[in-house]
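Observations on the three-dimensional arrangement
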Amino acid sequence: MTVRRFRQDKDLPSGTLEFLAQDELRNNVPYGVLQRLRKSPQFFQDYRLFVVTEADKIRLYAHHTPPFLLCLSSGDPAAAAELAAALKHEGPLPGLLGPLPIVEAFLDAWPELRTSLPHIERQGLYRLDQVVMPPSTGGAFEQGRIEDLDLYFAWLRDFCRELGEVYAGDEKALDQQRERIEAGDLYCLTHQGRPVCMAIAARKLPTGQSVSFVYTPPQDRGRGYAAELVARLSQKLLQDGNQYCCLFTQMHNPVSNRIYQRIGYFLVDEFRKYHS
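Residues numbered from 1 in each chain as written. Predicted model: local features only at pLDDT ≥ 70, side-chain atom pairs only at ≥ 80, totals over all residues. Heavy atoms only, no water.

Moving on to the overall build of the protein. Regarding its fold elements, the protein presents nine helices and twelve strands. Against the compact-globule benchmark of 19 Å for 276 residues, the protein has a radius of gyration of 19 Å, which places it among compact chains. Seen along its three principal axes, the alpha-carbon backbone of the protein occupies a region of about 60 × 35 × 35 Å. By residue count, 51% of the 276 residues in the protein fall in the buried class. Contacts spanning at least 24 positions in sequence make up 69% of the contacts within the protein whose residues lie at least 6 apart. (Helix = DSSP H or I, 4+ residues; strand = E, 2+ residues; numbered from the N terminus. Rg over C-alpha atoms; globule rule 2.2 N^0.38 Å. Buried < 20%, exposed > 50% of the residue type's maximum accessible area, 1.4 Å probe, protein only. Contact = heavy atoms within 4.5 Å.)

Structure (structure tokens):
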């Protein structure tokens, strides 16, 4: 197998996006990020792209877009081991994430990295094909408004801190939320005119779309807002022509897993995240 490195997405082998699309659900993160790189190359700085090939056939794709972790696609575990062997001589990584067998094959080939990344998170990849609408909370399903930008920025920051997600800094977070509002991708549930929960219509895939950054502030939890918002956003995405919706959960959190299962999401696969 051959590990090939690229500094720009335009230099990737033809067929890279098609390789990811063959397993679009499990590859929803790398597929979405690669699409983002092609649309807004200035969004990420100093990124690296990797393709592992065998006889000119792509076996694995990965990208590293600092400050975010190395992201591995689905594919051949042997290709993940080959990538690890190629990268281990270039210095440590802040962490990695991807489908469980791929991540484990990578770390088996780089055991020193495994010991340097003490935090391990099990993530569940969920899929929904039909919504089971929960009882109404009396809230209104709306698109986020630009006049509430500061609130949604604060919620994104709090979301990352609470879940241990990489936070790219206030300036980028503010720009991200502004862009999402202007694109019509940020949705909220309001109660008596006040936003009480947010969710993002995120990565657009060939036949589906992901939902992410579901956040309810602590004072408004336990009232069913997240369940209703995600259900209504998922229903909208299906009505817009998507065949399915997908999202990730932390598998150690029984509350969020139970909420999503009740509205029609079912577990497809386990992902693993290692970080320092």
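On we go from here.
In this section: the pattern of salt bridges. What the rule picks out here adds up to 26 salt bridges. The salt bridge partner of Arg157 is Asp158, with a shortest N-O separation of 3.7 Å. One salt bridge in this structure joins Arg223 and Asp220, with 3.5 Å as the shortest N-O distance. Arg223 gets classed as partly exposed once you look at its relative accessible area, which sits at 48%. In the salt-bridge network here, residues are joined through shared partners; they are Glu104, Asp108, Arg114, Arg122, Glu270 and Arg272. (Salt bridge = Lys/Arg side-chain N within 4 Å of Asp/Glu carboxyl O.)

With mixed pairing, the twelve strands of this open sheet are ordered in space as β1-β2-β3-β4-β5-β12-β6-β11-β10-β9-β8-β7. Edge strands, defined here as strands with exactly one partner in the open sheet, are β1 (2-6) and β7 (140-143). Looking at each pair of strands side by side, their axes are set apart by 25° on average, direction ignored. By the bridge criterion, four bridges tie β7 to strand β8 (residues 186-191) in an arrangement that is antiparallel. Counted as the bridge partner of Ala140 is Thr190 from β8. Relative to the sheet, helix α2 (residues 28-39) contacts β2 (48-54), β3 (57-64), β4 (70-72), β6 (119-128), β9 (194-204), β10 (208-215) and β11 (244-250), its axis offset from that of β3 by approximately 70°. (Pairing = 2+ DSSP bridges. Axes fitted to C-alpha atoms, helices over the stretch in contact; angles between N-to-C directions.)

Moving on, we get to helix α3 (residues 77-87). Here α3 has its buried residues at Ala79, Ala80, Leu83, Ala84 and Leu87. Looking straight down α3, one finds that the buried residues subtend no more than 145° of arc, so they occupy a single side. Buried residues along α3 sit against β1, β2, β3, β4 and α4 (100-108). Residue Asp76 occupies the N-cap position of α3, its side-chain oxygen lying 2.9 Å from the main-chain nitrogen of Ala78. (Arc of directions from axis to C-beta. Polar contact = N/O pair within 3.5 Å; in protein donor to acceptor, adjacent residues only side chain to side chain.)

The next thing to look at is the packing of aromatic side chains. Going through the model one piece at a time under the given rule, you end up with seven aromatic pairs. Relative to Phe271, the ring of Phe248 has its centre 5.1 Å away and its plane inclined at 75°; by these criteria the two rings are edge-to-face. Within this pair, whereas Phe248 is found in strand β11, its partner Phe271 is found in strand β12 (residues 266-275), the two being separated by 23 residues in sequence. Taking relative accessible area as the criterion, Phe248 reaches 24% and is therefore assigned partly exposed. Their ring planes at 70° and their centres at 6.1 Å tell us that Tyr260 and Tyr265 sit as a pair that is edge-to-face. You'll find Tyr260 and Tyr265 in the same group, each marked buried. Here the aromatic cluster, defined as three or more aromatic residues joined through ring pairs, consists of Tyr152, Trp155 and Tyr215. (Phe/Tyr/Trp six-rings, centres within 6.5 Å; stacked < 30°, edge-to-face > 60°.)

So, on to the environment of Ile102. Among the secondary structure elements, Ile102 is positioned in helix α4. Here Ile102 is in contact with Leu60, Leu72, Ser73, Ser74, Gly75, Asp76, Pro77 and Ala80, once residues within four sequence places are set aside.

Backbone torsion omega between Pro66 and Pro67 reads 10°, so that peptide bond is classified as cis. Considering the arrangement of structural elements, one finds Pro67 in the loop between β3 and β4. Even without being glycine, Ala55 reaches a positive phi, approximately 55°. Note on placement: Ala55 falls in the loop between β2 and β3.

With that settled, consider the pairing of strand β5 (residues 95-99). Counted residue by residue, β5 has five buried out of five residues, so it is predominantly covered. Across two bridges, the pairing between β4 and β5 is parallel. Bridge assignment links Leu70 to a residue of β5, and that residue is Leu96. A crossover connection joins β4 to the parallel β5 through α3; in handedness this β-α-β unit is right-handed. Taken together, the five bridges between β5 and β12 define a ladder with antiparallel strand orientation. Considered in β12, the bridge of Pro99 is made with Phe271. (Right-handed = clockwise from strand over helix to strand, strands pointing away.)

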